[in-house]
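Take a look at the letters that make up each chain.
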Amino acid sequence: DAKTTQPPSMDCAEGRAANLPCNHSTISGNEYVYWYRQIHSQGPQYIIHGLKNNETNEMASLIITEDRKSSTLILPHATLRDTAVYYCIVRVEETDKLIFGTGTRLQVFP
Amino acid sequence: AAGVIQSPRHLIKEKRETATLKCYPIPRHDTVYWYQQGPGQDPQFLISFYEKMQSDKGSIPDRFSAQQFSDYHSELNMSSLELGDSALYFCASSLLTGGLRDEQYFGPGTRLTVT
């Protein structure tokens, strides 16, 4: 499985956009980029995933560079409830398991 | 919407005892996964089952075993418990659709404390 690199922590003001970067320079053609988050020891929560096109859902947007070596998760209007550890995971579609890295601890402040 | 159910939510055991954790997947989901998260660590994949057969295996100790039953619920059995087994244990479920696996949905976890 391809390895991902994320900054250990980030801050964001409430109401502003939170942009969380992820590097996955060794990603293969059939590997997807998944984002999950974990709020204070709760079960990880699925956010979004993509292969090569940008994706948007009700929670966030995912921007994947053309070479697919990096991506950015965007929370358009961060709230205090978005404070969590955000995990960027590269996953082969046929593979069962998720390999969690160290993630980015996002702190949203008032 | 129905979510993944795990029981018990908290469990305290002594060293060398056994523990059984249960997971009830989202209705119609055919795949169950188990993850272990030690204190201050990230979740680590243990094992998964698809249609009652083991489909993938991670760093699961030999003292642990798991199975998926005909109603798709799963149980993680842990024997000869050690202090280092103290952790959060998450179960997740997903559905195989058209040959592609959907995203995993996680339960609230079982906090196991071994004393």
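The preceding data block contains the structure.
For clarity, every value in this text was computed on a predicted model and none was experimentally measured.

Reading the values: the criteria
Residues numbered from 1 in each chain as written. Chains lettered and ligands numbered in written order. Predicted model: local features only at pLDDT ≥ 70, side-chain atom pairs only at ≥ 80, totals over all residues. Heavy atoms only, no water. Helix = DSSP H or I, 4+ residues; strand = E, 2+ residues; numbered from the N terminus. Rg over C-alpha atoms; globule rule 2.2 N^0.38 Å. Core = buried A, V, L, I, M, F, W, Y, C linked by side-chain atoms within 4.5 Å. Buried < 20%, exposed > 50% of the residue type's maximum accessible area, 1.4 Å probe, protein only. Phe/Tyr/Trp six-rings, centres within 6.5 Å; stacked < 30°, edge-to-face > 60°. Lys NZ or Arg CZ within 6 Å of the ring centre and 35° of its normal. Disulfide = S-S within 2.5 Å. Contact = heavy atoms within 4.5 Å. Buried area = accessible area lost by both parts, 1.4 Å probe. Salt bridge = Lys/Arg side-chain N within 4 Å of Asp/Glu carboxyl O. Polar contact = N/O pair within 3.5 Å; in protein donor to acceptor, adjacent residues only side chain to side chain.

Looking now at the overall build of chain A. From N to C terminus, chain A includes 0 helices and 9 strands. Secondary structure elements in chain A, listed N-terminal to C-terminal, are β-β-β-β-β-β-β-β-β. Taking 2.2 N^0.38 as the reference for a compact globule, 110 residues should give roughly 13 Å; the C-alpha atoms of chain A span a radius of gyration of 13 Å, in line with that estimate. Judged by the C-alpha coordinates and their principal axes, chain A covers about 40 × 30 × 25 Å.

What follows is about the nonpolar core. Within the largest apolar cluster, 22 residues are counted, with the highest numbers of intra-cluster contacts made by L21, W34, L76, M78 and Y89 of chain B. Where this core is concerned, the elements lending two or more residues are β3 (19-24), β4 (31-37), β5 (44-50), β7 (64-68), β8 (74-78), β9 (87-94) and β13 (110-114) of chain B. One finds L20, A60, A84 and V90 of chain A within the second-largest nonpolar core, a separate group that totals 21 residues.

This next bit is on the packing of aromatic side chains. Tallied over the full model, the rule gives 12 aromatic pairs over all chains. Note on F100 of chain A and F106 of chain B: the rings are 6.2 Å apart at their centroids and 75° apart in plane angle, and the pair reads as edge-to-face. Of the two residues, F100 of chain A sits in the loop between β8 (84-92) and β9 (104-109) while F106 of chain B sits in strand β12 (residues 105-106), which places them in two different chains. Residues F100 of chain A and F106 of chain B agree in their burial class; the two are buried. Against the face of Y34 of chain A rests R91 of chain A, its NZ or CZ located 4.9 Å from the ring centre. Above the plane of the ring of Y72 of chain B lies K52 of chain B, whose end atom (NZ or CZ) is 5.2 Å from the centre.

Another point: the state of the cysteines. Every disulfide links exactly two cysteines, by a covalent bond between their sulfur atoms. Counted according to the given criterion, the structure contains 2 disulfides over all chains. Each disulfide pairs two cysteine sulfurs, and for C23 of chain B the partner residue is C91 of chain B, the sulfurs being separated by 1.7 Å. An S-S torsion of about -55° defines the bridge between C23 of chain B and C91 of chain B as left-handed. You can see C23 of chain B sitting in strand β3 and its partner C91 of chain B sitting in strand β9, a full 68 residues away along the chain. Pair check on accessibility: C23 of chain B and C91 of chain B agree, each one buried. Unpaired in this structure, C12 of chain A has its nearest cysteine sulfur neighbour in C22 of chain A, at a distance of 18 Å.

A separate point is the interface of chain A and chain B. The interface of chain A with chain B comprises 19 residues on the first partner and 20 residues on the second. Summed over both sides, the interface between chain A and chain B buries roughly 1,600 Å², with carbon and sulfur atoms accounting for 50% of that surface. At the surface where chain A touches chain B, the tally comes to 1 salt bridge. In this structure, D56 of chain B engages K97 of chain A in a salt bridge whose closest nitrogen and oxygen atoms are separated by 3.4 Å. There are 5 residue pairs in polar contact (both at pLDDT 80 or more) connecting chain A and chain B. Of all elements in the fold, only β3 (31-38), β4 (45-50) and β8 of chain A reach the threshold of two or more residues within the side of chain A that touches chain B. It is β3 of chain A that provides the largest number of residues to the side of chain A that touches chain B, a total of 3 residues.

It is worth spelling out the pattern of salt bridges at this point. Residues and elements named next belong to chain B. Per the counting criterion, the structure on display carries 6 salt bridges over all chains. Here E51 makes a salt bridge to K52, at a shortest N to O gap of 4.0 Å. By relative accessible area, which is 31% here, E51 ends up partly exposed. Of the charged contacts in the structure, one is a salt bridge between R63 and D85, with a shortest N-O distance of 2.9 Å. On the criterion of sequence distance, the pair formed by R63 in the loop between β6 (53-57) and β7 and D85 in the loop between β8 and β9 is long-range, its members being 22 residues apart. Salt bridges here are not isolated pairs; linked through shared partners, they connect R63, E82 and D85.

Residue and element names in this part refer to chain A. Its location among the elements puts S61 in strand β6 (residues 61-64). What makes S61 buried here is its relative accessible area of 18%. Among the polar contacts made by the side chain of S61, one reaches the side chain of T56 at a distance of 3.0 Å. If near-sequence neighbours (up to four positions away) are discounted, S61 is found in contact with I48, E55, T56, T72, L73 and I74.

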